[in-house]
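Survey of secondary and tertiary structure
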Amino acid sequence: QSVLTQPPSVSGAPGQRVTISCTGSNSNIGAGHVVHWYQQLPGAAPKLLIYDNTNRPSGVPDRFSGSKSGTSASLAITGLQAEDEADYYCQSYDDRTLGGVFGGGTKLTVL
Amino acid sequence: QVQLQESGPGLVKPSETLSLTCAVSGSSLTSAYYWGWIRQPPGKGLEWIGSIYHSGSTYYNPSLKSRITISVDTSKDQFSLKLTSVTAADTAIYYCARLRQQLVPVLFYFDYWGQGILVTVSS
């Protein structure tokens, strides 16, 4: 049971838009801490996708965007492509653990 | 280009100590970053283990704190993880990563990751 809650899976057809939610509590996202997102391709290490709620590292396509409101955050992917098929994890800081907490991950399937 | 590479035994016996090292290149260990360990049990999600600054200052996940030690050796550009009294529940892929950590305002995210090393706990 992860501290942050994500849907186990989402799917979409090529070209479509999908969103992945991440729900926390008053000790992490609700406390005002920023949310980060990671993409984990099959058999690979996680890769930073979005940091500080909305920022993309260099090289990440603008098809990926993040948002945050209250105790939740969302990752949106537009113009879905086959290579987007991966696991996606949200992460924030938690005042109780004084460290990082992750969501359980969401598997994105491109139909 | 920042690169991290984990190394260590892939098999550890129950009740023994898991020891891993992370070699860093392309980024100085004495720069303004923390360095961390994360693990992922097979088929499951990610768990932050702990992090360290080049000064030796450490932050540990409370759920593992009694069993872990993270240390840094700046002369060798590497940092290490020791996890004692391992059980099958500690079987996981262990990643080392560079960590953007700051208290005011709070920042805490991993911007570069190693490829990971699978450690299996079994007799």
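Residues numbered from 1 in each chain as written. Chains lettered and ligands numbered in written order. Predicted model: local features only at pLDDT ≥ 70, side-chain atom pairs only at ≥ 80, totals over all residues. Heavy atoms only, no water.

Brief notes about unusual backbone geometry
- A cis geometry characterises the amide bond from B:V104 onward to B:P105, with omega recorded as -15°.
- The phi angle at A:N53 is positive, at roughly 75°, despite the residue not being glycine.
- Its location among the elements puts A:N53 in the loop between β4 (47-50) and β5 (64-69).
- Despite not being glycine, A:L98 has its phi angle at roughly 55°, a positive value.
- Among the secondary structure elements, A:L98 is positioned in the loop between β7 (86-94) and β8 (99-102).
- Look at A:L98 and you get partly exposed, because its relative accessible area is 45%. (Helix = DSSP H or I, 4+ residues; strand = E, 2+ residues; numbered from the N terminus. Buried < 20%, exposed > 50% of the residue type's maximum accessible area, 1.4 Å probe, protein only.)

Quick notes on the state of the cysteines
- Counted by the stated rule, this structure contains two disulfides over all chains.
- Here A:C22 connects covalently by a disulfide to A:C90, the sulfurs 2.1 Å from one another. The sign of the S-S torsion, about 75°, decides the handedness of the disulfide formed by A:C22 and A:C90: right-handed. Note that A:C22 is positioned in strand β2 (residues 18-23) and A:C90 in strand β7, a separation of 68 residues in sequence.
- Disulfide partner of B:C22: B:C96, at an S-S distance of 2.1 Å. One quick way to see it: the torsion about the S-S bond of B:C22 and B:C96 is about 65°, and its sign makes the bridge right-handed. In this pair, B:C22 is assigned in strand β3 (residues 18-25) and B:C96 in strand β9 (residues 92-102), connecting sequence segments 74 residues apart. Here B:C22 matches B:C96 in class, with each residue buried. (Disulfide = S-S within 2.5 Å.)

A look at the packing of aromatic side chains
- If you walk through the whole model with that rule in mind, you get 13 aromatic pairs over all chains.
- Among the aromatic residues, those joined into a cluster by ring pairs are A:Y38, A:Y93, A:F102, B:W48, B:Y95, B:F108, B:F110 and B:W113.
- Over the ring of B:Y33 we find B:R98, and its NZ or CZ is 3.6 Å from the ring centre. (Phe/Tyr/Trp six-rings, centres within 6.5 Å; stacked < 30°, edge-to-face > 60°. Lys NZ or Arg CZ within 6 Å of the ring centre and 35° of its normal.)

So, the interface of chain B and chain A
- Counting residues at the interface gives 21 residues for chain B and 20 residues for chain A.
- Between chain B and chain A lies a buried interface of about 1600 Å² when both sides are counted; carbon and sulfur atoms form 66% of it.
- Of all residues in chain B, the largest losses of buried area upon contact with chain A belong to B:L46, B:F108 and B:Y109, amounting jointly to 35% of the total for that side.
- Counting only elements with at least two residues in the side of chain B that touches chain A, the list comes to β4 (34-40), β5 (47-52), β6 (58-60) and β10 (107-113) of chain B.
- Broken down by element, the side of chain B that touches chain A gets its largest block of residues, six residues, from β10(B).
- Its residues assigned to classes, the side of chain B that touches chain A shows 14 nonpolar, four polar and three charged. (Contact = heavy atoms within 4.5 Å. Buried area = accessible area lost by both parts, 1.4 Å probe. Nonpolar A, V, L, I, M, F, W, Y, C, P; charged D, E, K, R; others polar.)

Observations regarding the environment of B:Y53
All names here are of chain B.
- With respect to the helices and strands, Y53 occurs in the loop between β5 and β6.
- Since its relative accessible area comes to 22%, Y53 is described here as partly exposed.
- The spatial distance from the C-alpha of Y53 to the C-alpha of D73 is 11 Å, given a sequence separation of 20 residues.
- The residues touching Y53, leaving out its near neighbours within four places in the chain, are S31, A32, Y33, Y34 and V72.

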